[in-house]
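# Working through the structure, step by step
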Amino acid sequence: RRVAVLISGRGSNMEALADACAAPDYPAMIAGVLSDVEDAPGLQAAARRGIATAALPRGDFASKREHEAAIHRQLVAWRTEFVCLAGFMRLLSGEFIAPWQGRIINIHPSLLPRHRGLDTHRRAREAGDAEHGCSVHHVTAGMDEGPVIAQARVPVLAGDTSDTLGARVLAEEHQLYPEALRALIAETP
Ligand code: GRF
């Protein structure tokens, strides 16, 4: 199956997906990596791996609708079957999502429905959560909403900073995302 990954930054989850796809028994390949940020480090990481890339900054388009239309066209040009958002920092409209419904997923660094949005590691600590983690979920027009596919949990430790906690979660993200994608592909005709 052909998977496109949408990123805005570092792209470590994109790399985890690309690593998984390199295994002969994994049921997907990366059709392309698209970013809304021209100089996203993840785009260079993808290019180094020989993966097709595209940069489509919002500022190059007159409206959100035209921006999303360009993203959609690129996904179609790559013959994309599944879309993985991986640190893609833009909210996609219902109109964009509709044709990908059931085949577009996101990874979020919290145990959804707790801590939607940004700064989740600090918020988990400040809330006194004993556990934190990450979720892969179906994408809907609401931010970090949509049915959860899979989660991984980590403990919040006494001496944690947002950085140490975030690193523990990120290591789980890199395991969880390829597993969740594999499961979704297995159940999608
Ligand atoms: C990850 O924590 C992901 O869960 C969140 O944004 C971060 C992206 O990191 N949505 P990376 O670009 O995959 O390294």
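One can find the structure itself at the top, above this paragraph.
Below is a summary of the structure that appears in this document.

Reading guide: rules and limits
Residues numbered from 1 in each chain as written. Predicted model: local features only at pLDDT ≥ 70, side-chain atom pairs only at ≥ 80, totals over all residues. Heavy atoms only, no water. Core = buried A, V, L, I, M, F, W, Y, C linked by side-chain atoms within 4.5 Å. Buried < 20%, exposed > 50% of the residue type's maximum accessible area, 1.4 Å probe, protein only. Helix = DSSP H or I, 4+ residues; strand = E, 2+ residues; numbered from the N terminus. Contact = heavy atoms within 4.5 Å. Salt bridge = Lys/Arg side-chain N within 4 Å of Asp/Glu carboxyl O. Near = heavy atom within 4 Å. Polar contact = N/O pair within 3.5 Å; in protein donor to acceptor, adjacent residues only side chain to side chain. Areas by Shrake-Rupley, 256 points an atom, 1.4 Å probe, with all protein chains shown as cover. 1 Å grid on protein atoms, 1.4 Å probe; cavity = no way out; pocket = protein on both sides within 12 Å on 5 of 7 lines; lining within 4 Å. Sits in = over half its atoms within 2 Å of the grid points. Pairing = 2+ DSSP bridges. Axes fitted to C-alpha atoms, helices over the stretch in contact; angles between N-to-C directions.

Let us now look at the nonpolar core. Counting 36 residues, the largest nonpolar core has Val 5, Ile 30, Val 33, Cys 84, Tyr 177 and Leu 181 as the members making the most contacts within it. The greatest single-element share of this core, amounting to 8 residues, is contributed by helix α6 (residues 162–187). Discounting chain neighbours no more than four positions away, the residues touching Tyr 177 are Asn 13, Leu 17, Cys 84, Leu 85, Ala 86, Ile 105, Asn 106, Ile 107 and Val 136. Grouped together as the second largest cluster of nonpolar side chains are 19 residues, Ala 31, Leu 75, Val 83 and Val 139 included.

Looking now at the side chain of Asn 13. Topologically, Asn 13 is positioned in helix α1 (residues 12–21). In this structure Asn 13 comes out as buried when scored by relative accessible area, which is 7%. Sequence-distant contacts of Asn 13, defined by excluding residues within four places in its chain, comprise Ala 86, Ile 107, Leu 170, Glu 173, His 174 and Tyr 177.

A word on the pattern of salt bridges. Across all of its chains, the model carries 10 salt bridges by this definition. A salt bridge links Arg 49 to Asp 19; the nearest nitrogen and oxygen atoms lie 2.9 Å apart. Separated by 30 residues along the polypeptide, Arg 49 in the loop between α2 (41–48) and β3 (53–55) and Asp 19 in helix α1 bring together distant segments of the chain. Classification of Arg 49 by relative accessible area gives partly exposed; the value is 35%. Looking at Asp 19, the relative accessible area reads 47%, which means it is partly exposed. Put simply, Asp 36 and Arg 90 hold a salt bridge, and the shortest N to O gap is 2.8 Å. Taken together, the positions of Asp 36 in the loop between β2 (29–35) and α2 and Arg 90 in the loop between β4 (82–85) and α4 (94–97) put the pair 54 residues apart, joining distant regions of the chain. Residues joined in a network through salt bridges with shared partners are Glu 15, Asp 19 and Arg 49.

Close contacts around the ligand come from Arg 10, Gly 11, Ser 12, Asn 13, Gly 87, Ile 107, His 108, Pro 109 and Glu 173, and that covers them all. For the ligand, an oxygen atom lies 2.7 Å from a polar atom in the backbone of Gly 11. At 2.5 Å, a side-chain N or O of Ser 12 approaches an oxygen atom of the ligand. Protein contacts shield 84% of the accessible area of the ligand, which totals 360 Å² for the unbound molecule. Of the pockets mapped on this structure, the ligand occupies the largest pocket. Put simply, the parts of the chain that give the shell around the ligand at least two residues each are α1 and β5 (104–108).

This part covers the pairing of β5. In terms of burial, β5 is largely enclosed, as 5 of its 5 residues are buried. Alternating positions in β5 separate into two faces, Ile 104, Asn 106 and His 108 on one and Ile 105 and Ile 107 on the other, with burial throughout. Here β4 runs beside β5; their pairing, made up of 3 bridges, is parallel. Of the residues in β5, the one forming a bridge with Val 83 is Ile 104.

With that settled, consider the sheet that holds strand β1 (residues 2–7). In a beta sheet, neighbouring strands pair by backbone hydrogen bonds and run either parallel or antiparallel. Sheet architecture is open: 7 strands sit in the order β3-β2-β1-β4-β5-β6-β7, paired in mixed fashion. In this open sheet, the two strands that pair with only one neighbour each are β3 and β7 (148–155). Neighbour to neighbour, the strand axes of the sheet diverge by 20° on average, direction disregarded. Sheet contacts for helix α3 (residues 64–77): β1, β2, β3 and β4; angle to β1, the most-contacted strand, approximately 150°.

Remember, this is a structural readout, not a statement about activity or role.
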